[in-house]
Amino acid sequence: MSNSTNILLVGVTGFVGKVVLERLLQDKGIEKIFVVLRPKKKMSVQERFKILSDSPCFKNCQNVFSNGVTNACPPCQVVPLQGDITKHNLGLSNCDLQGIQSIVTHVISLAASVDFDLPLKQAVSINVGGPLNVLDFVKSCQNIERFCHCSTAYVVPATRPEKNTQKVEAVPALEVLPEHFSNGQQNFAQETYARIANAKHISEDEERNILKAAGLPNTYAYSKALAELILDEKSDDVPLVIVRPSMIGPCLVHPFPGWVDCINSIAGWVFLYGGGILHTSIGDPSVKLDVVPCDYVVERLLYATFKLDLSDERKIPASPIIHATAGHVNSLTYAGTLDSMASFFKDRKNQVFLKPFWRKKDNILSTTEIEADLAKDKKKLERIRFLMKVVSQKKAAKKLHKMKKAIENSLSALDHTAQVTTTFIPSSP
């Protein structure tokens, strides 16, 4: 780490972003941490920054948050900057842009949409366009030492097994760029991005064909794979490192055991089951789920940002890639995960909203059966919501209404990962 380390952190309001910031604040060698925030839902940047600083994640480091701008900040303070990564120069004001271009040494890019079912054009706009704007900013910095981009381990091609057919074998996933995506064609990724970005409309059939040709399950994985290729092609001399986490679970140690503040992916699945809201099982009982604690992912991100030696890595044509994954040996099967969840909540009957249970957890359900079971879960929610409105519990009723969307998002995350086992193979421990 350099004598004067100043970091730009993009995506700080997300689950991983908060833990990255908390870990950075424990390092006394960091001078300033700039965080890019955009106004949202009638909240100003300062209001969002206050909500961020009040998170339980930062209970041990409240004194380092600053409301000021760059020069007025004492050492190791977090500085909010109003911006938007979907815009040129990250949407920063000229004053803020000029103030940080000469002092930022490390950039960590975490911002992304984790909605697995976004229309392709929208997913690509956020998950490719945003990182490209961050790369342009990095190129404008005079003292940049490292650019760390967070991708996903699921950029590897994997064909889901058809119902009533023989199971597919575990898919090997190496720490290499998703070259299958471009079939070796030069500038294929950039041309594909331009074509999608400039398209007036992409039909569902076209989208389905694009995903099938790439061997990727959803628009999230597709946009992340496309971003990796384009960032590598356009990085030039930028010291770029890509980190690929698998499914991210609650924290193991930092900021404290069990901490999680979102209901996306695996955490949402556990939350909905534990609350007695979700009873539908959609996976193959024998498939292994690669789940890693959030703080382990953060450890890999910080290793890639500050400790990875690029003196040898940069001799190869592609940017270094690091997996933040559990691996086949350390992963539970889908059935084992269900059993662990059932056992955990069985002893906590007084702490759950409704009784947790699984329907047909030992079977591989057809699409029709899954949809029928999900309809039961949603109807149950609607009945409870109606009763709450009747007894004037309108706030609680509104929260339950949001659960319907949470059920869909949670199952979208598992729709592929619980059907195919992927064996993530790191090049180093």
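Before reading further, recall that the structure is shown in the block above.
Because the structure is a prediction, the values reported are computed rather than measured.

A. The arrangement of the overall build of the protein in detail. The helix and strand tally for the protein stands at 13 helices and 13 strands. Buried positions account for 52% of the 429 residues belonging to the protein. Counting contacts in the protein only where the partners sit at least 6 residues apart, residues at least 24 apart contribute 81% of the total.

B. Molecular detail of helix H12 (residues 367-390). Spanning 24 residues, H12 covers 35 Å between terminal C-alpha atoms, matching the ideal 34 Å at 1.5 Å per step. Considered for burial, the residues of H12 that qualify are Ile370, Asp373, Leu374, Asp377, Lys378, Leu381, Ile384, Arg385 and Met388. Directly after H12, the chain includes Ser392, whose backbone phi takes a positive value near 65°.

C. Focus on the pattern of salt bridges. Tallying each qualifying case throughout the model produces eight salt bridges. In this structure, the salt-bridge partner of Lys50 is Asp54, at a minimum N-O distance of 2.6 Å. Taking the relative accessible area as the measure of exposure, Asp54 reaches 44% and is therefore partly exposed. Residues Lys376 and Asp373 are paired through a salt bridge, measuring 3.9 Å at the closest nitrogen-oxygen approach. In this pair, Lys376 and Asp373 both sit in helix H12, three residues apart, roughly one turn of the helix. Classification of Lys376 as partly exposed rests on a relative accessible area of 45%.

D. Representation of the side chain of Asn6 in the model. Here Asn6 lies in strand S1 (residues 5-10). The class of Asn6 is buried, set by a relative accessible area of 3%. Looking at Asn6, its side chain comes within polar contact range of the side chain of Ser4, at 3.4 Å.

E. Summary view of the pairing of strand S13 (residues 422-425). Where burial is concerned, the two faces of S13 differ: the one with Thr422 and Phe424 is buried and the one with Thr423 and Ile425 is not. Where strand S6 (residues 171-174) meets S13, four bridges bridge the pair, whose relative direction is parallel. Bridge pairing in S13 places Pro172 opposite Thr423.

F. Helix H11 (residues 334-346), seen in detail. Taking 1.5 Å of rise per residue, the 13 residues of H11 would be expected to cover 18 Å, and the 18 Å separating its terminal C-alpha atoms lies within 8% of that figure. By the burial criterion, the buried members of H11 are Tyr334, Ala335, Thr337, Leu338, Met341 and Phe345. For H11, the angular spread of buried residues about the axis comes to 160°, placing them on one side. Tucked inside the fold, the buried residues of H11 contact helix H8 (265-274), strand S9 (288-289) and strand S12 (332-333).

G. Molecular detail of the state of the cysteines. All chains considered together, the criterion is met by zero disulfides. The thiol sulfur of Cys57 is not disulfide-bonded, and the nearest other cysteine sulfur, from Cys251, lies at 6.8 Å. Cysteine Cys251 is unpaired, with the sulfur of Cys294 as its nearest cysteine sulfur at 4.4 Å. Classification of Cys251 as buried rests on a relative accessible area of 4%.

H. Representation of the packing of H8 against H11 in the model. Axis separation between H8 and H11 bottoms out at 10 Å; the angle between their running directions is 45°. Between H8 and H11, the crossing angle belongs to the class labelled oblique. Seen from above, H8 lies across H11 with right-handed handedness. Contacts between H8 and H11 involve Trp269, Val270, Tyr273 and Gly274 on the former and, on the latter, Tyr334, Thr337, Leu338, Met341, Ala342 and Phe345. Considered class by class, the residues forming the contact of H8 with H11 number eight nonpolar, two polar and no charged.

I. Inspection of the sheet that holds strand S3 (residues 77-82) at higher detail. One open sheet holds the seven strands; their spatial order is S3-S2-S1-S4-S5-S7-S11, and the pairing between them is parallel. A single partner strand is all that each edge strand has here, and the edge strands are S3 and strand S11 (321-324). Within the sheet, the average angular offset between the axes of one strand and its neighbour, ignoring direction, is 20°. Relative to strand S5 (residues 146-150), strand S4 (residues 106-109) is paired through four bridges, and the arrangement is parallel. Bridge assignment links His106 to a residue of S5, and that residue is Arg146. Against the sheet, helix H9 (residues 294-307) engages S1, S4, S5, strand S7 (240-245) and S11, with an angle of about 160° to S11.

J. Here's a closer look at the side chain of Lys18. Tracing the chain through its elements places Lys18 in helix H1 (residues 15-24). Residues contacting Lys18, with those up to four places away along its chain left out, are Val12, Thr13, Leu52, Ser55, Cys57, Phe58, Trp259 and Asp261.

K. Representation of unusual backbone geometry in the model. With an omega of 0°, the peptide bond running from His254 to Pro255 counts as cis. Inspection of the secondary structure puts Pro255 in the loop between strand S8 (247-249) and H8. The backbone phi angle of Lys41 is positive, close to 50°, even though this residue is not glycine. Among the structural elements, Lys41 can be located in the loop between strand S2 (30-37) and helix H2 (45-53). Unlike most non-glycine residues, Leu90 shows phi in positive territory, near 60°.

What counts and what doesn't
Each chain has its residues counted from 1, following the order in which its sequence is written. Restriction of local features to residues with pLDDT of at least 70 applies here, the model being predicted, together with a cutoff of 80 or more for giving and counting side-chain atom pairs; totals for whole chains, interfaces and linings are based on all residues. The side-chain numbers reported here are obtained from all heavy atoms of the structure, hydrogens and water having been left aside. The numbering of helices and of strands both runs from the N terminus, where a helix is a DSSP run of H or I of at least 4 residues and a strand a run of E of at least 2. Only protein chains enter the accessibility calculation, which uses a 1.4 Å probe; a residue whose area is less than 20% of its type maximum is buried, one above 50% is exposed, and one in between is partly exposed. Contacts: residue pairs with any heavy atoms within 4.5 Å of one another. Multiplying 1.5 Å by the helix residue count minus one yields the expected span of that helix. For salt bridges, the criterion is a side-chain nitrogen of Lys or Arg within 4 Å of an Asp or Glu carboxyl oxygen. Definition of a polar contact: a pair of N or O atoms within 3.5 Å, with one able to donate and the other able to accept a hydrogen when the atoms are protein atoms, and with sequence-neighbouring residues admitted only if both atoms are side-chain atoms. At least two DSSP bridges between two strands are required for those strands to pair. Picture the helix axis, draw a direction to every C-beta atom, and the arc is the one those directions span. Any two cysteine sulfur atoms lying within 2.5 Å of each other are counted as a disulfide. Angles run from 0 to 180 degrees between N-to-C directions of axes, and those axes are lines fitted to C-alpha atoms, restricted for helices to the stretch in contact. When an angle is under 35 degrees it counts as roughly parallel; over 145 it counts as roughly antiparallel; between 65 and 115 it counts as roughly perpendicular; any other value is oblique. Handedness of a crossing is defined here by the sense of rotation of the near helix relative to the far one, left-handed for an anticlockwise turn of less than a right angle and right-handed for a clockwise turn. Side-chain classes follow a simple rule in which Ala, Val, Leu, Ile, Met, Phe, Trp, Tyr, Cys and Pro form the nonpolar group, Asp, Glu, Lys and Arg form the charged group, and the remainder, Gly included, forms the polar group.

The quantities given are spatial measurements derived from coordinates; they are silent on function.
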